[in-house]
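Overview (structure and organization)
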Amino acid sequence: MTLGPRLFGFGGRSSRDTRAQTGLDFVVGVGLFLLVLGFLVQFVPGMIAPYSDDAELPVVAERVATRLTGAYLGSPTSPGELDRTTATTYFEGTDPDPEGVAAGYSVNVTAEGNLTGDPLEQFHSVGDVPPRDGSVAVVRRVVSVEGEDVLLTVRVWR
């Protein structure tokens, strides 16, 4: 049988002829490894992100804004129109989340516009001041208070 000497390098052949890996095989293997590594680096953080704490901040901010504009400061039948006395009382208070929608989160609600009827009072805020660093979700709504437009901004952070 003549295969034996070829497999084990007998018969006067050099060891260079018995190598199984060529330069092309090495390049293909390294290229494939780098593609798989790049895929993992690109997509694994995105698959884990929905389970992090910061991923739910926009949902909580949206929920607070919807509750404030739809039911608490206005009426469910006309969700974009706020009652002036209820809104004024709300911004004079200290609790930015009166219905407890954002339990465990810090909330700041700001209204920019003529909310009280006094043209000098164009800015109202209730809640803590948002941090400069870290994740803060922001939701803005344009609402109406007796025919005047008011920009309502809800900020939520942990």
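Since the structure is predicted, the reported quantities are computational estimates derived from the model, not experimental observations. (Residues numbered from 1 in each chain as written. Predicted model: local features only at pLDDT ≥ 70, side-chain atom pairs only at ≥ 80, totals over all residues. Heavy atoms only, no water.)

**Considerations on the sheet that holds strand S3 (residues 106-112)**
Consider a sheet: its strands pair through backbone hydrogen bonds, and that pairing is either parallel or antiparallel. The strand order across the open sheet built from six strands is S1-S2-S5-S6-S3-S4, with neighbouring strands paired in mixed fashion. Lying at the two open borders of the sheet, with one neighbouring strand each, are strand S1 (74-75) and strand S4 (123-127). Here strand S2 (residues 78-82) pairs with strand S5 (residues 137-145) via two bridges, running parallel. Among the inter-strand pairings, Glu81 is bridged to a residue of S5, identified as Ser144. Here helix H3 (residues 57-72) sits on the sheet and contacts S1, S2, S3, S5 and strand S6 (148-157); the angle it forms with S5, its principal contact strand, is near 15 degrees. (Pairing = 2+ DSSP bridges. Helix = DSSP H or I, 4+ residues; strand = E, 2+ residues; numbered from the N terminus. Contact = heavy atoms within 4.5 Å. Axes fitted to C-alpha atoms, helices over the stretch in contact; angles between N-to-C directions.)

**Side note on the nonpolar core**
Residues Val64, Phe91, Val109, Val154 and Val156 are the most contacted members of the largest nonpolar core, which totals 27 residues. Within the residue set of this core, elements represented by two or more residues are H3, helix H4 (84-92), S3, S5 and S6. Broken down by element, this core gets its largest block of residues, six residues, from H3. (Core = buried A, V, L, I, M, F, W, Y, C linked by side-chain atoms within 4.5 Å. Buried < 20%, exposed > 50% of the residue type's maximum accessible area, 1.4 Å probe, protein only.)

**Let's talk about the pattern of salt bridges**
Counted according to the given criterion, the structure contains five salt bridges. Between Arg84 and Glu146 there is a salt bridge; the shortest N-O distance is 2.9 Å. Highlighted residues: Arg84 in helix H4 and Glu146 in the loop between S5 and S6, separated in sequence by 62 residues. We classify Glu146 as exposed; its relative accessible area is 59%. Here Glu148 ties to Arg84 by a salt bridge, and the two come within 4.0 Å at their closest N and O atoms. (Salt bridge = Lys/Arg side-chain N within 4 Å of Asp/Glu carboxyl O.)

**Brief notes about the side chain of Asn108**
Topologically, Asn108 is positioned in strand S3. Within the local environment of Asn108, its side chain forms a polar contact with the side chain of Ser125, the two groups lying 3.4 Å apart. Not counting chain neighbours up to four residues away, the residues in contact with Asn108 comprise Ser125, Val126, Gly127, Asp128, Val129, Pro130, Thr153, Val154, Arg155 and Trp157. (Polar contact = N/O pair within 3.5 Å; in protein donor to acceptor, adjacent residues only side chain to side chain.)

**Some thoughts on the packing of aromatic side chains**
Working definition: an aromatic ring pair is given by the centre-to-centre distance plus the angle between the planes. A full pass over the atoms with the stated rule returns three aromatic pairs. Residues Tyr90 and Phe91 carry aromatic rings whose centres are separated by 5.0 Å and whose planes lie at 80 degrees to one another, so their mutual orientation is edge-to-face. Here the two residues Tyr90 and Phe91 agree in accessibility, since each one is buried. Through successive ring pairs, a cluster of aromatic residues spans Tyr72, Tyr90 and Phe91. (Phe/Tyr/Trp six-rings, centres within 6.5 Å; stacked < 30°, edge-to-face > 60°.)

**Looking at H3**
Among all positions of H3, only Leu57, Val60, Ala61, Val64, Ala65, Leu68, Thr69 and Gly70 are buried. The inward-facing, buried residues of H3 contact S1, S2, H4, S3, S5 and S6.

By themselves, these figures tell us nothing about what the structure is for.
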